[in-house]
Amino acid sequence: KVLRVPNGIMVGEKTFQTDGSRGTYEIAQSKCAQSGGVLASPRNALENSALVEIMNSHNINVLLGINDMQTEGTFKYPDGEIISFANWNANEPNDAGGEDCVEIFGTGKWNDIPCRLERLIVCEY
Ligand code: GN1
Ligand code: CA
Ligand code: CA
């Protein structure tokens, strides 16, 4: 079940919300934690498309909580669990020049990017 709420969308047990701000992984991660959430980490196709819908009303890609900072090439959720759903764009992840964070495009596909780059902050609760 999908339900649209102000600044966000409820999908199953999860709610994705954004205030429209952008930031690096570090900024985004602490901002979500401050409000009792974690950075958006889609675990299935329905959650992935909910994020695309949020993104479409902002002109910037969404930053995911998924990252391979701990072990190169092993992408994990913010809680440290190895991901069980992925939607990589062709030839990604490529760690081009060192990329341990992940953005989602308007197509719903994922790309790994440097964690210092700023993207739309979406938290999940
Ligand atoms: C971008 O700009 P370039 O081609 O070096 C992207 C990479 C992608 C790559 C795909 C910062 O790298 O993450 O894998 O395109 N870099 C950024 O061709 O967005
Ligand atoms: Ca990497
Ligand atoms: Ca990449």
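Calculation rules
- Residues numbered from 1 in each chain as written.
- Chains lettered and ligands numbered in written order.
- Predicted model: local features only at pLDDT ≥ 70, side-chain atom pairs only at ≥ 80, totals over all residues.
- Heavy atoms only, no water.
- Helix = DSSP H or I, 4+ residues; strand = E, 2+ residues; numbered from the N terminus.
- Polar contact = N/O pair within 3.5 Å; in protein donor to acceptor, adjacent residues only side chain to side chain.
- Contact = heavy atoms within 4.5 Å.
- Donors = N, O, S within 2.8 Å, 3.2 Å for Na, K, Ca; no water.
- Buried < 20%, exposed > 50% of the residue type's maximum accessible area, 1.4 Å probe, protein only.
- Pairing = 2+ DSSP bridges.
- Axes fitted to C-alpha atoms, helices over the stretch in contact; angles between N-to-C directions.
- Salt bridge = Lys/Arg side-chain N within 4 Å of Asp/Glu carboxyl O.

Asks: I'd love a proper account of the side chain of Asn87, names of residues and values included.
Replies: Examined against the element boundaries, Asn87 turns out to sit in the loop between strand S6 (62–67) and strand S7 (101–104). For Asn87, the side chain forms a polar contact with the main-chain oxygen of Gly108, separated by 2.7 Å. At a separation of 3.2 Å, a polar atom in the side chain of Asn87 contacts the side chain of Lys109. The residues contacting Asn87, other than those within four sequence positions of it, are Asn48, Gly108, Lys109 and Trp110.

Asks: Quick one: what's the story with the coordination of the calcium ion (ligand 2), residue by residue and with numbers?
Replies: Taken together, the protein donors to the calcium ion (ligand 2) comprise Asp68 (OD), Asp68 (OD), Glu72 (OE), Glu72 (OE), Asp95 (OD), Glu99 (O) and Asp100 (OD), at separations of 2.3 to 2.7 Å. Read in sequence order, the donor residues coordinating the calcium ion (ligand 2) give the pattern D-x3-E-x22-D-x3-E-D. Of this pair, Glu72 sits in the loop between S6 and S7 while Glu99 sits in the loop between S6 and S7, and the two are 27 residues apart along the sequence. Classification of Glu72 by relative accessible area gives partly exposed; the value is 45%.

Asks: Account for the coordination of the calcium ion (ligand 3), with residues named and values stated.
Replies: Coordination of the calcium ion (ligand 3) by the protein involves Glu92 (OE), Asn94 (OD1), Glu99 (OE), Asn111 (OD1), Asp112 (O) and Asp112 (OD), with metal-donor separations of 2.2 to 2.6 Å. Here the donor residues of the calcium ion (ligand 3) are spaced in sequence according to E-x1-N-x4-E-x11-N-D. Highlighted residues: Glu92 in the loop between S6 and S7 and Asp112 in strand S8 (residues 110–113), separated in sequence by 20 residues. In this structure, Glu92 and Asp112 share a single accessibility class: buried.

Asks: Can you tell me about the sheet that holds strand S3 (residues 14–17), naming the residues and giving the values?
Replies: Sheets are built from strands paired through backbone hydrogen bonds, the pairs being either parallel or antiparallel. Read across the open sheet, the 5 strands follow the order S1-S2-S3-S10-S5; overall the sheet is antiparallel. Each having just a single partner strand, strand S1 (2–5) and strand S5 (38–39) make up the two edges of the open sheet. Strand direction decides the pairing type here: S5 and strand S10 (residues 123–124), joined by 2 bridges, are antiparallel. Within the sheet, the bridge partner assigned to Val38 lies in S10 and is Glu124. Sitting on the sheet, helix H2 (residues 45–55) is in contact with S1, strand S2 (8–11) and S3, with an inclination near 170° to S2.

Asks: Give a description of the pattern of salt bridges that names residues and reports values.
Replies: Counted according to the given criterion, the structure contains 7 salt bridges. For Glu47, the salt bridge goes to Lys14, with nearest N and O atoms at 2.8 Å. One end of the pair, Glu47, is in helix H2; the other, Lys14, is in strand S3, with 33 residues separating them in the sequence. No difference in accessibility class separates Glu47 from Lys14, as the two residues are buried. Between Arg43 and Asp79 there is a salt bridge, with the nearest N and O atoms lying 3.7 Å from each other. With Arg43 in the loop between S5 and H2 and Asp79 in the loop between S6 and S7, this pair connects stretches of sequence that are 36 residues apart. Each member of the salt-bridge network shares a partner with another, and the members are Lys14, Glu47 and Glu124.

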